[in-house]
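Architecture at a glance
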Amino acid sequence: MSNTIGHSLLHQTLLHPTVLEQQTKINSCNISGNSFFLPKSTANQAKSQIRKSPLSTKFRSNNVKTTKLPMGTQGPVSVVPRAVLASEPTSELAGRFNLDGNSDLQVRVSFPDAGSISQVDLQVTNSSNSLVLHWGAICDRHEKWILPSRYPDGTRVYKDRALRTPFVKTGSNSFLNIEIDDPAILAIEFLILDEAQNKWFKNNGDNFHVKLPVKHRLNLNVSVPEDLVQVQAYLRWERKGKQMYTPEQEKREFEEARKELQIELEKGASLDEIRHKITKGEMKTKATPKKKNIVERIQRKKRDLMQLINKYVAGSETGQEKISVKPKSLTVVELYSETKKEEDVGSILSKKIVNLSGMELLVLVTKPDGKTRIILATDFREPLILHWALSKTGGDWLEPPSTILPDGSVSLDKAAETKFGQISFGDPPCQVQSLEIEIEGEDFVGMPFVLLSNGNWIKNKGSDFYVDFSTKPKQFRKDAGEGKGTAKDLLEKIAGLESEAQKSFMHRFNIAADLIEEAKDFGELGLAGILVWMRFMATRQLIWNKNYNVKPREISKAQDRLTDLLQNIYKSHPQYRELLRMILSTVGRGGEGDVGQRIRDEILVIQRNNDCKGGMMEEWHQKLHNNTSPDDVVICQALIDYIKSDFDISVYWKTLNENGITKERLLSYDRAIHSEPSFRRDQKDGLLRDLGNYMRTLKAVHSGADLESAISNCMGYKAEGQGFMVGVNINPVSGLPSGFPELLQYVLTHVEDKNVEGLLEGLLEAREDLQPLLSQSNDRLKDLLFLDIALDSTVRTVIERGYEELNDAGPEKIMYFIILVLENLALSWDNNEDLIYCLKGWNHALNMLKSKDDFWALYAKSVLDRTRLALATKAESYQRVLQPSAEYLGSLLGVDQWALNIFTEEIIRAGSAASLSSLLNRLDPVLRKTANLGSWQIISPVEAVGYVAVVDELLTVQNKSYERPTILIAKSVKGEEEIPDGTVAVLTPDMPDVLSHVSVRARNSKVCFATCFDPNILVDLQAKEGKRLHLKTTSADIVYREVKDGEVEVAGPIVVKEESSMPRLTLVRKQFAGRYAISSDEFTSELVGAKSRNISYLKGKVPSWVGIPTSVALPFGVFEKVLSEDCNQAVAEKLDTLKKKLKAGDSSTLGEIRKTVLELLPPSQLVEELRNKMISSGMPWPGDENEQRWEQAWTAIKKVWASKWNERAYFSTRKVKLDHDYLCMAVLVQEIINADYAFVIHTTNPSSGDSSEIYAEVVKGLGETLVGAYPGRALSFICKKTDLTSPKVLGYPSKPIGLFIRRSIIFRSDSNGEDLEGYAGAGLYDSVPMDEEEKVVLDYSSDPLIIDGSFQQSILSSIAKAGHAIEELYGSPQDIEGVVRDGKIYVVQTRPQM
């Protein structure tokens, strides 16, 4: 005998209990899913009918055939014989059973008199001390377990389906006594569980079944009328507060109601007396009191956030080659279509290519000069005749006027016939059969037609073809970018099929299903095209139904087909999951057959039951029968709101209008809704009940993000049919985690709570529980996906409702809400690693706040900045992937321009990212105030007067020259830009590092430069565009005021950088010195730049604890020498031509010059000399590994030389009139130190000019993220030179990316144009590592530099001490770069601080 129960048997849902608890079917109640039993009106009606009802004396037959579900099944099966413990009146011992070896079970039953308590005694011999009885009771006619109200101490309710009572251990045996005082209970059933061993004991594979004594029991066969059961069940539900019930809970309430009435009968009450008690309200219910363990707030599980990370990135598939889709060659008909579109054919109304048994038919409708032109073309080989007519109402056949008939046409009765003609076009020539028809005026709305070939009629799938003239013109806009950045072929195919798709949702979903495989092959952009198309549909930018009657079940089936295909791609292509979720949310769940058909059937039942067969309800009924749509969900809700408002018609219209349905839209349906609703008051309760149930059916088909229907589809529900109406039986999804149904019930119970914190926790706990299932194979995966989408959507609506809760909240609560919303986003987004580390950062910040850490606000501000960066990066990703497809497809389909302009913005707003952004904006000023950050960070403190100009990106204007002093308000500043001529100030919300290139440029050029953290100040500054402002700076703030026309400005001299006053710098052309490579002790000003000389100077002079990397160099003139080699003659000639174009003003050649430099070949002598110098200096020679490694090194050297022609560097030298031809590039070669951290030091504080303190910035990994244009801030600190052991952190890091590299070589630019007096050329040119750096998403919450105070103090102090030592060595302020490895400081370069 098996003594264990597999894990699968512990699975339970809201509909199907576990196999340990019996199932029942309430045949008489006809209750659907989440209805609330009987509405009050029904109960009242039932009460009013009680005295009229005849007394029922019907007895139930005792010979009722029942079936029992054996363990592991979820449906009816044949009866399996089982052992029953019979409790005869004269017997005390009911039975003895061997459980396991020498352990036995004994069961004894007492024999009560009438009305007394039955007792069951159980004893287990030689038992463990962890036995538990898993049990329930059996009542008359029902084999489903019920839970007695009386049970032993220590009993706990198990999932509302069973009781678990521990045995009492005495000696080697365990005992348990159960008392039953409910006369309706006929037996108890149980299993025994050894909790310590997770071992179950069964009775030959079945439940133990103990019949209770029946000798003195009353006859229980009196039938309780079902109307009384329904009323009593309703009263129980009403007295419990009208809670949201699962179908299983509803069934249990009916059983309890039936039991209460049965007990009254057993006490001797007649049915008339019971009816009287109910009518007078004297019938008390034994509604189960709230259990002590009712959950008011769920206990969240402790989870490892790292388990939530997914790194799926579209376009970088792991383990499989990226699919590349070759543009397909155009068919002859498609070529002809393109030819016609290139002609001046006017606005294009529609274009469609129809397949005709392997041939194609083009139907192109255009609008030239107020006429309608129909162009037909086909590659059909046989002679073809068009049998056609015109239509005024859509679908009718009217004979065309003779004035518009093409030559050779024949008029017929209500039609005409025109022969196609052969034409040639193109080069090489192609042939098609074609004809054109031109119609003047607007009298006709369409053209029905069929084709005739050799006596055979050719139709459109058995129906007439129909050309619609009424579609608004679709401008073939050239400004849509010609489809660049899109799956253009797919989008054009979609546009060609739109006229077919707009017939009905069935057509649209089937077409989408047909295209989905092709979209998948196009990859990310293909699925983006499907999403754009489906969203145009969902937002009503496209026609939903036109001239086509389709059954709801057909729409539902088409949805089901499409969502099945999307589900399959979700399984097989995880890199597209985020896009697929978005597509699913626009489509709706669908379902095979029954659910869709109920849309048609239930509206008839509603009309019949509530006597509302005319007016608006009949018009809606006709609309539903013709073509149901998501609008029906809104209409149903509007009716419910109207009825609840005591029939206030303005409420009806308010609900419709708020959801985008106007009177005009109601009239636009094929079956228009003209009337307003009008009901009688006695219809109110019945309509609310039936429309509430109907809403569930509508949402099951149309709403992908409806929470209640999504839960029902996963948990399972059953709705009986009435008469002709079909039933619905949705089975529960298998494999749901333990406790998941209760968690969903908690969510439904609290979904309208005003205080939303607990609800948000429940929603997120449910999503967390779902995550493992979403990555597993499951034939019901899409139902789980729709549930997850619904939970996600609910988070957004709940958080918006909860804003009021935060009005007076402190930072701790706002931060906790941010954590919850951020967790929700992380569960929805692909490639979410950055979000997870933001989430960990917020948790750490919250802990700092709770522990009263002085730096909590400063740290939280850095996490807030990083979170904003993550949101901005995602918005840019959506813009890149979705917006081009929206604009191109929208231009083909004639979508309103305003809808295209905001397409991506609305996608973002539809998710919880917008909610998160709002919460961050709420917290930001609190953090800035607490951390004493103010509204500004002053990077270059310069007083300025100028005219305000607003730009999106500083990069786009960096080469511009402003004619008057200009204050730039730049929304984006990355860090590598130049300051445009004429600029006196740059103000930005962006956060470039204080030591970034643009920051250094601003300070050198005496330009005011600052970051503004306050969005209100920024908006005010932008509003002053064109006005003249005076900016006055301090070390932490900017005060500004408007300077009126004619006002004399006395604030100080304004430096106007006129071109004539700019210093002219001169360079001395460097010559090749005869050596290709030199060691550091050979570095002189004639051979290398200041960068190389400074690093050589430091060797042996800095403290011993400061490391200096070994260096060699390729000196000045090597590039020119290599270029002059015979092997590079062709490269030299090409470069010479390109440089002449550049001198003539063609700056577009800069990129081509850089590419040409990379074509250089290395002289053998260069290779040999460089190898010898590197080896003799103790550096590894790349070529010793393999030839490929040398090629990598050579390419890096050439990239350094090529950087002489970087755009930024080239324009910078032009500004100071530096002769670019005289600029020479040496290459400093160093071994890369694989850094833990990198730093830049300014030994005089650049923001304040205070020479008594050192300012430094530190990043994790290599320093390129600090000096390059990498978003986010570095850790920044200052340190007084008089107290170098006490660094003060000014800001924590927010850079999401760190760069790391294997042991390698870096080739650094070292030009003669760097560090000239009055000109900072450093940073203009490239330093290139031989190996590519690895980008790593950073987790600061586990970084000792952030969380370990002692480590932080040690590292920052060491950096400050190194900077101070080098400054003292040179005797002037220094700009120093270095790294930290295993706690040791290395300096890689230094130069005078500009």
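Use the structure listed above.
The sections below set out a description of the structure shown in this document.

About the cut-offs
Residues numbered from 1 in each chain as written. Predicted model: local features only at pLDDT ≥ 70, side-chain atom pairs only at ≥ 80, totals over all residues. Heavy atoms only, no water. Helix = DSSP H or I, 4+ residues; strand = E, 2+ residues; numbered from the N terminus. Buried < 20%, exposed > 50% of the residue type's maximum accessible area, 1.4 Å probe, protein only. Contact = heavy atoms within 4.5 Å. Areas by Shrake-Rupley, 256 points an atom, 1.4 Å probe, with all protein chains shown as cover. Salt bridge = Lys/Arg side-chain N within 4 Å of Asp/Glu carboxyl O. Axes fitted to C-alpha atoms, helices over the stretch in contact; angles between N-to-C directions. Parallel < 35°, antiparallel > 145°, perpendicular 65-115°, else oblique. Left-handed = near helix turned anticlockwise from the far one by under 90°. Nonpolar A, V, L, I, M, F, W, Y, C, P; charged D, E, K, R; others polar. Pairing = 2+ DSSP bridges. Polar contact = N/O pair within 3.5 Å; in protein donor to acceptor, adjacent residues only side chain to side chain. Core = buried A, V, L, I, M, F, W, Y, C linked by side-chain atoms within 4.5 Å. Expected span 1.5 Å × (residues − 1).

**Here's the deal with the overall build of the protein**
- When helices and strands are tallied, the protein shows 38 helices and 46 strands.
- Here the protein holds 1394 residues, and the buried ones make up 56% of them.
- Of the contacts formed within the protein by residues at least 6 apart in sequence, a portion of 70% connects residues at least 24 apart.
- Summing over all exposed atoms, the protein offers an accessible surface of approximately 59400 Å²; the carbon and sulfur share of this is 49%.

**Remarks on the pattern of salt bridges**
- As enumerated under the stated definition, the model contains 70 salt bridges in all.
- Between E179 and R150 there is a salt bridge, and its shortest N-O distance comes to 2.6 Å. Placement of E179 in strand β9 (residues 173-180) and of R150 in the loop between β5 (142-146) and β6 (156-158) is noted, with a sequence separation of 29 residues between them.
- Where E761 meets R297, a salt bridge forms, and the shortest distance between an N and an O atom there is 2.7 Å.

**Focus on the packing of helix α19 (residues 757-774) against helix α20 (residues 781-801)**
- Interhelical geometry of α19 versus α20 gives an angle of 155° and a closest axis separation of 10 Å. If you check the angle between α19 and α20, you find them roughly antiparallel. Both α19 and α20 take part in a crossing whose hand is left-handed. Judged by residue contacts, L759, L760, L763, A766, R767, L770, Q771, L773 and L774 of α19 engage L781, L784, L785, L787, D788, L791, D792, T794, V795, V798, I799 and R801 from α20.
- In the contact of α19 with α20, the residues fall into 15 nonpolar, 2 polar and 4 charged.

**A short note on the sheet that holds strand β15 (residues 371-378)**
- Read from one edge to the other, the open sheet built from 5 strands follows the order β13-β14-β15-β20-β19, with strand pairing classed as antiparallel. The outermost strands of the open sheet, each flanked by one partner alone, are β13 (347-356) and β19 (421-425). Strand-to-strand twist in this sheet, taken as the mean axis angle between neighbours without regard to direction, amounts to 30°.
- As defined by bridge partners, β19 adjoins strand β20 (residues 430-440) across 5 bridges and the pair is classed as antiparallel. Residue S424 lies in a different strand from β20, and its bridge partner there is Q431.
- Sitting on the sheet, helix α5 (residues 332-342) touches β13, β14 (359-367), β15, β19 and β20, and the angle it makes with β20 is about 45°.

**Notes on the sheet that holds strand β33 (residues 1078-1079)**
- Taken in spatial order, the 5 strands make up an open sheet running β33-β35-β36-β42-β43, and their pairing is antiparallel. Edge positions in the sheet fall to β33 and β43 (1328-1329), since each has one partner strand and no second.
- Bridge analysis of strand β36 (residues 1225-1231) against strand β42 (residues 1305-1311) gives 7 bridges, and the strand direction is antiparallel. Within β42, the residue paired with V1229 across the bridge is F1307.
- Strand contacts of helix α29 (residues 1090-1098): β35 (1111-1114), β36 and β42, with the helix running at about 115° to β42, the strand carrying the most contacts.
- Helix α34 (residues 1187-1202) contacts β35, β36, β42 and β43 of the sheet and is inclined by roughly 20° relative to β42.

**Topic: the side chain of N824**
- Residue position: N824 is located in helix α21 (residues 811-826).
- Among the polar contacts made by the side chain of N824, one reaches the side chain of R767 at a distance of 2.6 Å.
- Discounting residues that sit within four places of it in the chain, N824 has contacts with L764, R767, D792, V795 and S912.

**Some details on the pairing of strand β39 (residues 1275-1280)**
- By the criterion of burial, β39 is predominantly enclosed, with 5 of the 6 residues buried.
- Taken together, the 6 bridges between strand β38 (residues 1253-1260) and β39 define a ladder with antiparallel strand orientation. Pairing of A1256 across the sheet is with F1277, part of β39.
- Across 3 bridges, the pairing between β39 and strand β40 (residues 1288-1291) is antiparallel. Considered in β40, the bridge of F1277 is made with V1289.

**Quick notes on unusual backbone geometry**
- Phi is positive for N198, which is not a glycine, with a value near 50°.
- Positive phi, normally seen in glycine, also occurs at N831, with a value near 50°.
- Positionally, N831 belongs in the loop between α21 and α22 (833-850).

**Considering the environment of L933**
- Topologically, L933 is positioned in the loop between α26 (913-930) and β26 (936-940).
- Residues L933 and F1013, spaced 80 residues apart in sequence, show a C-alpha to C-alpha distance of 9.2 Å.
- Apart from the residues within four sequence positions on either side, L933 is in contact with L858, K861, R928 and L1290.

**Describing the nonpolar core**
- Counting residues in each nonpolar core, the largest one holds 161 residues, and the members touching the most others are W533, F536, L787, W842, L882 and I1359.
- Of the residues forming this core, the biggest block, 17 residues, is contributed by helix α23 (residues 856-893).
- When sequence neighbours within four positions are dropped, the list of residues in contact with W533 reads I494, E498, A501, R508, I511, A512, L515, L542, L889 and L893.
- With 46 residues, the next largest nonpolar core counts W1181, W1194, I1197 and I1305 among its residues.

**Quick word on α22**
- Given a rise of 1.5 Å per residue, 18 residues ought to cover 26 Å, and the 26 Å separating the end C-alpha atoms of α22 matches this to within 8%.
- Of all 18 residues in α22, 13 are buried, a share of seventy percent or more.

**Focus on the side chain of T983**
- Along the chain, T983 falls in strand β29 (residues 981-988).
- Among the polar contacts made by the side chain of T983, one reaches the main-chain carbonyl oxygen of P980 at a distance of 2.9 Å.

**Section: the packing of helix α6 (residues 488-501) against α23**
- The N-to-C vectors of α6 and α23 enclose an angle of 30°; their axes lie 9 Å apart at closest approach. Between α6 and α23, the angle is such that the two are roughly parallel. Considering the relative orientation of α6 and α23, their crossing is right-handed. For the pair α6 and α23, the contacting residues are K488, L491, E492, I494, A495 and E498 in the first and S885, Y888, L889, L892 and L893 in the second.
- Its residues placed into classes, the contact of α6 with α23 shows 7 nonpolar, 1 polar and 3 charged.

**Overview of the pairing of strand β31 (residues 1028-1033)**
- Pairing analysis gives 4 bridges linking strand β27 (residues 944-953) to β31, with the strands arranged antiparallel. Its bridge partner lying in β31, V945 is registered against H1030.
- Pairing of β31 with strand β32 (residues 1038-1042) involves 5 bridges; the strand directions are antiparallel. Bridge assignment links H1030 to a residue of β32, and that residue is R1041.

Function cannot be read off these values alone, since they describe shape.
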